[in-house]
Amino acid sequence: MNLIVAVDENWAIGNKNELLISIPADHKFFRQETTGKVVVLGRKTLETFPQGLPLKNRTNIIMSTNKNYQVKDAVVVHDLDELLAELSKYADQDVYIVGGESIYRLLLPYCDTAHVTKIDHAYEADAYFPNLDEMPEWRITADSEEQTYFDITYHFLKYERVK
């Protein structure tokens, strides 16, 4: 499975249920990677999307512990076992974990590829992604040229789990 995330220099991913920054090229990369694929996310992340609706042109799988939670045009699962059973219907390379923090932490052990937009700035944050640079089982296998958005620089990195 894949995961896709934008992090700051401290591996922060969000603050008060919002992204730290909105970078158009990052959103474009996200769309290119995930369109036509399966995205897995938590309820709180879904609620940050426009109108709180699932992403178009993707199979959306939402994790929520609320057994009565339902979402139009999405599959809702309530625990890891139920999620893994649902994901068994799809090819691993077509599955993208898209957040938030608790979903990333839960599913990181099941992922082999991480697409990380690394922003060269520190933001005020209350949600973090595990620091892959401190994990010997992960290594960078691709690094883009430095990108800029106004005065912010960032890189598109690809991490892969060492087999």
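Being a predicted model, the structure only gives us computed values, none of them experimental. (Residues numbered from 1 in each chain as written. Predicted model: local features only at pLDDT ≥ 70, side-chain atom pairs only at ≥ 80, totals over all residues. Heavy atoms only, no water.)

**Let's talk about the environment of Thr113**
Applicable threshold: Comment: elements are numbered from the N terminus, with helices defined as DSSP H or I runs of at least four residues and strands as E runs of at least two. Note on contacts: a residue pair is in contact if any heavy atoms of the two residues lie within 4.5 Å.
With respect to the helices and strands, Thr113 occurs in strand S8 (residues 113-119). Once residues within four sequence positions are removed from consideration, Thr113 is found in contact with Met1, Asn2, Leu3, Trp138, Lys158, Tyr159 and Glu160.

**Structural notes on the nonpolar core**
The tendency in soluble globular proteins is for nonpolar side chains to be buried side by side. Just so we agree on the cut-off: Take the buried Ala, Val, Leu, Ile, Met, Phe, Trp, Tyr and Cys residues and link them wherever side-chain atoms come within 4.5 Å; each set so joined is a nonpolar core. Remark: exposure states derive from per-residue accessible area (1.4 Å probe, protein chains only) relative to the maximum for the residue type, with buried under 20%, exposed over 50%, and partly exposed in between.
Judged by nonpolar contacts, the single largest core of 28 residues is most densely connected at Leu3, Val40, Ile97, Val116, Phe129 and Leu132. If you list the elements that add at least two residues to this core, you get strand S1 (2-7), strand S4 (38-42), strand S5 (59-63), helix H3 (80-87), strand S7 (95-97), helix H4 (101-107), S8 and strand S12 (152-161). Leaving out residues up to four positions away in the same chain, Val40 has contacts with Ile61, Leu83, Leu87, Val95, Tyr96, Ile97, Val98, Gly99, Ile103 and Leu107. Membership of the second largest hydrophobic core comes to 12 residues, among which are Ile4, Phe49, Ile62 and Tyr96.

**Things to note about the side chain of Glu86**
Secondary-structure assignment places Glu86 in helix H3. In this structure Glu86 comes out as buried when scored by relative accessible area, which is 12%. Setting aside anything within four residues of it in sequence, one finds Glu86 in contact with Ile61, Val75 and Val77.

**Quick word on the pairing of S5**
To be explicit about the condition: Pairing between two strands requires that DSSP report at least two bridges joining them.
Counted residue by residue, S5 has four buried out of five residues, so it is predominantly covered. The sheet contact formed by S4 and S5 spans five bridges and is parallel. By the bridge assignment, Leu41 is partnered in S5 with Ile62. Where S5 and strand S6 (residues 75-77) come together, three bridges link them in parallel fashion. If you follow Met63 over to S6, its bridge partner there is Val77.

**Topic: the sheet that holds strand S9 (residues 127-128)**
Taken in spatial order, the three strands line up as S3-S2-S9 in an open sheet, and their pairing is antiparallel. The sheet terminates laterally at strand S3 (18-19) and S9, the two strands that pair on one side only. Sheet topology places strand S2 (residues 12-15) next to S9; two bridges connect them, and they run antiparallel. Residue pairing across strands places Gly14 opposite Ala127, the latter belonging to S9.

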